[in-house]
Amino acid sequence: MTKQSQQSKCYAAALKMLMRREHSKLELRQKLNLKDFDDAVINDSISLLAEQKYQSDERFSEAFILMRFNQGKGPVKISMELKSRGISKFDLTLFNWFELAKDVKYKKFGDSKSLDYKEKARQKRFLQSRGFGFDEINQAF
């Protein structure tokens, strides 16, 4: 296969992925690697897509944060997931994490005022597993 045809196949494959949902550069690179494209061809394709504004890590991170926020995930978990997807710069300050922690707690456990120590600890562990920090967790109680 010529370099030109491999380049256009790689570009088309990446564009198809981006049509389904936003992807980070790292995600695209990993998926295209699985399709056995050369690294140089992958890098050229991703650069071209970014130039044409089809791929944007910033847009990806905004969409990803919103999706995870709506799923009731906390800032600790979201930031870890973004970093694992190759995103190092993102803004989590636009969301009210304290309010979300309260909502998630209420949705899962209802309106429970008088809790014994064991039950309170169980609920706090749940919120922690959802990715909330200690400040948000304590504020939820």
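Let me begin by describing the structure that accompanies this report.

About the criteria used
Residues numbered from 1 in each chain as written. Predicted model: local features only at pLDDT ≥ 70, side-chain atom pairs only at ≥ 80, totals over all residues. Heavy atoms only, no water. Buried < 20%, exposed > 50% of the residue type's maximum accessible area, 1.4 Å probe, protein only. Helix = DSSP H or I, 4+ residues; strand = E, 2+ residues; numbered from the N terminus. Arc of directions from axis to C-beta. Contact = heavy atoms within 4.5 Å. Salt bridge = Lys/Arg side-chain N within 4 Å of Asp/Glu carboxyl O.

## Topic: helix α5 (residues 75-84)
- Among all positions of α5, only P75, I78, S79, E81 and L82 are buried. Taken down its axis, α5 places every buried residue within 160 degrees of arc, on the same side. Among the exposed residues of α5, those oriented more than 90 degrees off its buried face are M80 and K83.
- Contacts made by the buried residues of α5 are with α4 (57-70), α6 (97-109) and α8 (134-140).

## Observations concerning the pattern of salt bridges
- Going through the model one piece at a time under the given rule, you end up with five salt bridges.
- The shortest N-O distance in the salt bridge between E22 and R59 comes to 2.7 Å. Separated by 37 residues along the polypeptide, E22 in the loop between α1 (3-20) and α2 (25-34) and R59 in helix α4 bring together distant segments of the chain.
- We classify E22 as partly exposed; its relative accessible area is 23%.
- Of the residues examined, R59 reaches a relative accessible area of 31% and is grouped as partly exposed.
- Here the salt bridges share partners, and the residues they tie into one network are R21, E27 and R85.

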